[in-house]
Amino acid sequence: MPVSVHSVIATNLATTGFYRNVSRRRIGSSSVNCSVETKETDRWAKLKNGNDSLEICRVLNGMWQTSGGWGKIDRNDAVEAMLRYADAGLSTFDMADHYGPAEDLYGIFVNRVRRERPPEYLEKIKGLTKWVPPPVKMTSSYVRQNIDISRKRMDVASLDMLQFHWWDYANDGYLDALKHLTDLKEEGKIKTVALTNFDTKRLEIILENGIPVVSNQVQHSIVDMRPQQRMAQLCELTGVKLITYGTVMGGLLSEKFLDANLTIPFAGPSLNTPSLQKYKRMVDAWGGWSLFQGLLRTMKSIATKHGVSIPTVAVRYILDQQGVGGSMIGVRLGLAEHIQDANAIFSLVLDDEDVNSIKEATKKGKNLLQVIGDCGDEYRRV
């Protein structure tokens, strides 16, 4: 991206207070502001924009899996599972208005926390949701009505974070929606405004309009390194952080699929969930199953060396990338748990040998930026 574009962004954000009260970091010969602070062995991150801030657990519990397709979710079992994750320190939950009962489950869960846990415990619980509207006219009343639905379902006076998605860039109504969301933030109905699946160009435009977003949630994994090619540079300059999903590729980046032959029916694990099917398409775009097996073998060698699992290595690698504030792991509440593997991420340190081995394995595949486009383009291509 041209330096002049960054200069415009930096000037606009400085005048809107974007750079206030954040730590300084040197990049090349110029200093910019870093909006992430970590402590307790890298467990927590504080996402900041001006006076807006939100502390999250850097490994987030993704709740897409409650929307159907991964197995029947029992409400009581799901809430009990959420309590176990939170009790283990994995206290940030990511959901959306269209993830089936996700927001309702969070509302039940947070009420259990209010009744059964001390007040200081509740302060660590964070519920991040998304609003994914059709690209219709974004009036103040329409935006307010939809945000009120999420507030009611989650049983909170103020949403910790509202992550906004927009389908059609040809319709610039996304700027109207974000301005109305900012108004709701000023009213106290939202604590932080964020994005999901926006590309670098649109993030520039949004920041130039003075909209105080703290993060952009994008697909990012060892296979899909697109965010590091354009988005991360802008994030480093402006302080916006990335929250990543698809980081374990729906489970493909795991021992379960190491040496698996998918060409023979019933001979190995099946691609029986929406996430496995989605990320298998990413594998195909990147270079195919045979090449992916080579990557898995590399990952397994590193995992064995450190006494952890392949998914733990996969998430640690992405958390160490430029601009990444947190990474998502999908949770099948009441059906399966990965608490131990998730917590192992915080103590894992990948050395230079590990990083170089991963880079050698991944560079054999295609550059998905050239195949798919920038972050979020997979949702907008016809």
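Keep in mind that what you see is a predicted model, and the values were worked out from it rather than measured. (Residues numbered from 1 in each chain as written. Predicted model: local features only at pLDDT ≥ 70, side-chain atom pairs only at ≥ 80, totals over all residues. Heavy atoms only, no water.)

## A short note on the overall build of the chain
For clarity, the cut-off: Numbering of helices and strands runs from the N terminus; a helix is a DSSP stretch of H or I covering at least four residues, while a strand is a stretch of E covering at least two. Only protein chains enter the area calculation, which uses a 1.4 Å probe; residues under 20% of their type maximum are buried, those over 50% are exposed, and those in between are partly exposed. Throughout, a contact is declared for two residues whenever any of their heavy atoms are within 4.5 Å. Here, Shrake-Rupley sampling with a 1.4 Å probe gives the accessible areas, and only protein chains in the shown set may cover a residue.
Within the chain, the regular secondary structure consists of 14 helices and 12 strands. When the 382 residues of the chain are sorted by exposure, 55% land in the buried category. Contacts in the chain between residues far apart in sequence, at least 24 positions, make up 77% of those at least 6 positions apart. Surface accessibility of the chain: about 15,800 Å² in total, with carbon and sulfur atoms responsible for 50%.

## Remarks on the pattern of salt bridges
Pairs may arise between side chains of opposite charge once their charged atoms sit close together. The cut-off we apply is this: For this document, the term salt bridge refers to a Lys or Arg side-chain nitrogen within 4 Å of an Asp or Glu carboxyl oxygen.
Applying the stated rule across the entire model yields 29 salt bridges. For arginine 84, the salt bridge identified is with glutamate 337, shortest N-O distance 2.6 Å. Of this pair, arginine 84 sits in helix 2 (residues 75-87) while glutamate 337 sits in the loop between strand 12 (324-330) and helix 12 (339-344); the two residues are 253 residues apart in sequence, bridging distant segments of the chain. The shortest N-O distance in the salt bridge between aspartate 148 and lysine 189 comes to 3.8 Å. With a gap of 41 residues between them, aspartate 148 in helix 5 (residues 140-154) and lysine 189 in the loop between helix 6 (173-187) and strand 9 (193-196) connect regions that are remote in the sequence. Given the relative accessible area of 26%, aspartate 148 is considered partly exposed.

## Regarding the sheet that holds strand 6 (residues 92-94)
This is how the line gets drawn: Pairing between strands requires that DSSP locate at least two bridges from one strand to the other. The axes are straight lines fitted to the C-alpha atoms, using for helices just the contacting stretch, and the angles between their N-to-C directions are given from 0 to 180°.
A barrel is described by the order of its strands in space; here eight strands give the closed sequence 5-6-7-8-9-10-11-12, paired in parallel fashion. The sheet shows a mean angle of 30 degrees between the axes of neighbouring strands, taken without regard to direction. In this sheet, strand 10 (residues 213-219) lies alongside strand 9 in parallel orientation, the contact comprising three bridges. Along strand 10, the bridge assignment pairs leucine 195 with asparagine 216.

## Quick notes on the pairing of strand 5 (residues 59-62)
Going by this rule: The crossover handedness rule: strands pointing away from the viewer, path from first strand over the helix to second strand clockwise, crossover right-handed.
Residues Val59 and Asn61 point to one face of strand 5 and Leu60 and Gly62 to the other, with burial holding for every one of them. Relative to strand 6, strand 5 runs parallel, the two being bridged by two bridges. From the neighbouring strand, asparagine 61 faces strand 6, where its bridge partner is phenylalanine 93. Chirality of the crossover, the property in question, places the unit of strand 5, helix 2 and strand 6 among those that are right-handed.

## Describing helix 6
How we decide: To estimate how far a helix should reach, multiply one less than its number of residues by 1.5 Å.
Along its 15 residues, helix 6 runs 21 Å from first to last C-alpha, staying within 8% of the 21 Å computed at 1.5 Å per residue. By the burial criterion, the buried members of helix 6 are Gly173, Tyr174, Leu175, Ala177, Leu178, His180, Leu181, Thr182, Leu184 and Lys185. Immediately beyond the C-terminal end of helix 6, within one or two residues, lies glycine 188, with a positive phi of roughly 90 degrees.

## Some points on the packing of helix 3 (residues 102-116) against helix 5
This is how it is decided: Just so you know how the angles are binned, under 35 degrees is roughly parallel, over 145 roughly antiparallel, 65 to 115 roughly perpendicular, and the rest oblique. Each residue is assigned to one class: nonpolar for Ala, Val, Leu, Ile, Met, Phe, Trp, Tyr, Cys and Pro, charged for Asp, Glu, Lys and Arg, and polar for all the others, Gly among them.
Orientation of helix 3 relative to helix 5, taken along the N-to-C sense of each, is 45 degrees, at an axis distance of 6 Å. Between helix 3 and helix 5, the crossing angle belongs to the class labelled oblique. On helix 5, the residues that touch Ala102, Glu103, Asp104, Tyr106, Gly107 and Val110 of helix 3 are Ser150, Arg153 and Met154. Across the contact of helix 3 with helix 5, the residue classes tally to four nonpolar, two polar and three charged.

## Points about the state of the cysteines
Rules: Note on terminology: pairs of cysteine sulfur atoms within 2.5 Å are recorded as disulfides.
Throughout the structure, instances matching the rule amount to zero disulfides. The closest cysteine sulfur to the non-disulfide-bonded cysteine 235 is located on cysteine 375, 8.4 Å from its own sulfur. On the basis of relative accessibility, which here comes to 1%, the residue cysteine 235 falls in the buried class.

## Overview of the packing of aromatic side chains
Condition: Pairing of aromatic rings covers Phe, Tyr and the six-membered ring of Trp, with a centre-to-centre limit of 6.5 Å; geometry is then stacked below 30 degrees between planes, edge-to-face above 60, and tilted otherwise. Criterion for a charge above a ring: Arg CZ or Lys NZ at most 6 Å from the ring centre, at most 35 degrees from the ring normal.
Per the counting criterion, the structure on display carries 14 aromatic pairs. Each ring, one from tryptophan 131 and one from phenylalanine 164, has its centre 5.8 Å from the other, and the planes form 50 degrees; the classification is tilted. Taken together, the residues span a long stretch of sequence, with tryptophan 131 in strand 7 (residues 126-131) and phenylalanine 164 in strand 8 (residues 161-164) at a distance of 33 residues. On the accessibility criterion, phenylalanine 164 (0% relative accessible area) is buried. The structure contains a cluster of three or more aromatic residues connected by ring pairs, namely Trp131, Tyr142, Phe164, Trp166, Tyr169, Tyr174 and Phe198. Positioned above the aromatic ring of tyrosine 169, the side-chain terminus of arginine 202 is 4.0 Å from the ring centre.

## Examining the confidence of the model for the chain
Put simply, the rule reads: The predictor attaches a confidence to each residue, called pLDDT, with possible values from 0 through 100.
Of the residues in the chain, 89% have a pLDDT of 70 or more, and the chain-wide mean is 90. The model gives residues 1-39 a pLDDT under 50, and that stretch makes 80 contacts with residues more than four places away or in other chains.

## What about the nonpolar core?
Worth spelling out the cut-off: Within this scheme, the nonpolar core is defined by two criteria: the residues are buried Ala, Val, Leu, Ile, Met, Phe, Trp, Tyr or Cys, and they are joined through side-chain atoms within 4.5 Å.
Membership of the largest hydrophobic core comes to 112 residues, with the highest contact counts inside it found for Tyr106, Phe109, Phe164, Leu181 and Phe292. Dropping the residues within four chain positions of it, phenylalanine 292 is found in contact with Val223, Met249, Leu252, Leu253, Val283 and Trp286.

## Description of the packing of helix 6 against helix 7 (residues 200-208)
Cut-off, in case you're wondering: In this scheme, a crossing is called left-handed if the near helix is turned counterclockwise away from the far one by less than a right angle; it is called right-handed if the turn is clockwise.
Across the interface, helix 6 lies against helix 7 with an axial gap of 11 Å and an inter-helix angle of 50 degrees. In terms of orientation, helix 6 and helix 7 fall into the oblique class. Like other packed secondary-structure pairs, helix 6 and helix 7 cross with a definite hand, here right-handed. For the pair helix 6 and helix 7, the contacting residues are Tyr174, Leu175 and Leu178 in the first and Arg202, Ile205 and Ile206 in the second. Taken together, the residues of the contact of helix 6 with helix 7 break down into five nonpolar, no polar and one charged.

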